[in-house]
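Here are the chains, one letter per residue:
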Amino acid sequence: MAAVTTLDRELVETYQRDGAVCVRGLFNPELVRLARQAIDAVLANPSELAIVASRPDDPGRFIEDFCNWQRIPLLEELVRKSPAAAAAGELMKASVVRFFHDHILVKEPGTRQHTPWHQDQPYYNVDGVQGCSMWLPVDPVSRSSTLELVAGSHRGPWFLPRTFLDNQAKWFPEGKLAELPDIHNARDRFPIVGWDSSRAMRFLPLPHAPCLRGSGRPEPPQGPFSALPRR
């Protein structure tokens, strides 16, 4: 695990209170280039877990791939050289940080598909309160299209996880967990936070695993937009 400058106490307190913060300047240009090269390597050689998370009539594709660090050397190098684990440990106030998996997200120019509101943790076979995701965009992302989170939602409850395109409950039986509130159509009822990365690509939101999250409103054709979440 790479060393990291101690994070500001206020940043740690904000993370504990809201479940999400933005850490700017954590990744130097060399690491951002490494992340971009790793994403390109995955796109050139996708795994059997890769999916297209946009509909056939979408002008652009929303591509996802998972768990590639053990077969893509550039990804493993990024995992081992990055200061993200140390930063996550400070934010979670954890003495040990374990890497769960990597996740590649690429939205091609013109993609209309936004990321539906969801929580990460109900999709995993993992419980506990010290779970953290790292979301690293390697392309500029405007505030209106960036990752958004509902502040304080890391305190629960869990909501029923569903597939993004066809809304199927595959992880828990129907009725086992509460249904997700309609955040998309009632944004003013929720304390939504997000950060502009259009002028600074060394930008790192770190949300708690159960924190509610989704992408902002899609903008007119732009892009590409690539991000590398890690848990």
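Looking at an unreviewed UniProt entry, one finds the protein chain named Phytanoyl-CoA dioxygenase, PhyH family, with Stigmatella aurantiaca as its source organism.

(A) View of the overall build of the protein chain. Summing up its helical and strand segments, the protein chain has four helices and ten strands in all. If you list the helices and strands of the protein chain from N to C, you get α-β-α-β-β-α-α-β-β-β-β-β-β-β. Counting all 231 residues of the protein chain, 52% fall into the buried class. In the protein chain, of all internal contacts separated by at least 6 residues, the share reaching a separation of at least 24 is 82%. For the protein chain, the exposed area adds up to about 11,700 Å²; of that, 52% sits on carbon and sulfur atoms.

(B) Summary view of the pattern of salt bridges. Taken as a whole and judged by the stated rule, the model has eleven salt bridges. For the salt bridge of K81 with E30, the shortest nitrogen-to-oxygen distance reads 3.2 Å. Note that K81 is positioned in helix α3 (residues 73-81) and E30 in helix α2 (residues 29-44), a separation of 51 residues in sequence. Residue classification places K81 among the partly exposed residues on the basis of a relative accessible area of 35%. Looking at E30, the relative accessible area reads 43%, which means it is partly exposed. The salt bridge involving R36 is made with D139; its shortest N-O contact spans 3.0 Å. On the criterion of sequence distance, the pair formed by R36 in helix α2 and D139 in the loop between β5 (134-137) and β6 (147-150) is long-range, its members being 103 residues apart. Owing to a relative accessible area of 8%, D139 belongs among the buried residues under this scheme. Beyond isolated ion pairs, a larger network of salt bridges with shared partners links E30, E77 and K81.

(C) Representation of the pairing of strand β4 (residues 103-107) in the model. Of all five residues that make up β4, five are buried, and the element is covered over most of its length. Where burial is concerned, the two faces of β4 agree: the one with H103, L105 and K107 and the one with I104 and V106 are both buried.

(D) A look at the side chain of S133. Summarising the element assignment, S133 is placed in the loop between β4 and β5. A polar side-chain atom of S133 sits 3.2 Å from a polar atom in the side chain of D120. Side-chain polar atoms of S133 contact the side chain of R213, separated by 3.4 Å.

(E) Region of interest: the packing of aromatic side chains. Considering all chains together, one arrives at five aromatic pairs under this definition. For the pair Y123 and W171, a centre-to-centre distance of 4.7 Å together with 80° between the ring planes defines the contact as edge-to-face. Remark: W171 occurs in the loop between β6 and β7 (192-194) and Y123 occurs in the loop between β4 and β5; sequence separation between them is 48 residues. Accessibility expressed as a relative area gives 19% for Y123, which makes it buried. On the accessibility criterion, W171 (39% relative accessible area) is partly exposed. Between W158 and F172, the ring centres sit 6.4 Å apart and the planes meet at 75°, which makes this aromatic pair edge-to-face. Linking W158 in the loop between β6 and β7 with F172 in the loop between β6 and β7, this pair joins segments that are 14 residues apart in sequence. By relative accessible area, W158 is classed as partly exposed at 26%.

(F) Just the sheet that holds strand β9 (residues 213-215), in detail. Read across the open sheet, the three strands follow the order β7-β6-β9; overall the sheet is antiparallel. Looking along the sheet, the strands with just one partner apiece sit at the ends: β7 and β9. Taken over all neighbouring pairs, the strand axes of this sheet differ in orientation by 30° on average, direction set aside. One ladder, built from three bridges, connects β6 with β9; its direction is antiparallel. In the strand pairing of β9, L149 is matched with R213.

The rules behind these values
Residues numbered from 1 in each chain as written. Predicted model: local features only at pLDDT ≥ 70, side-chain atom pairs only at ≥ 80, totals over all residues. Heavy atoms only, no water. Helix = DSSP H or I, 4+ residues; strand = E, 2+ residues; numbered from the N terminus. Buried < 20%, exposed > 50% of the residue type's maximum accessible area, 1.4 Å probe, protein only. Contact = heavy atoms within 4.5 Å. Areas by Shrake-Rupley, 256 points an atom, 1.4 Å probe, with all protein chains shown as cover. Salt bridge = Lys/Arg side-chain N within 4 Å of Asp/Glu carboxyl O. Polar contact = N/O pair within 3.5 Å; in protein donor to acceptor, adjacent residues only side chain to side chain. Phe/Tyr/Trp six-rings, centres within 6.5 Å; stacked < 30°, edge-to-face > 60°. Pairing = 2+ DSSP bridges. Axes fitted to C-alpha atoms, helices over the stretch in contact; angles between N-to-C directions.

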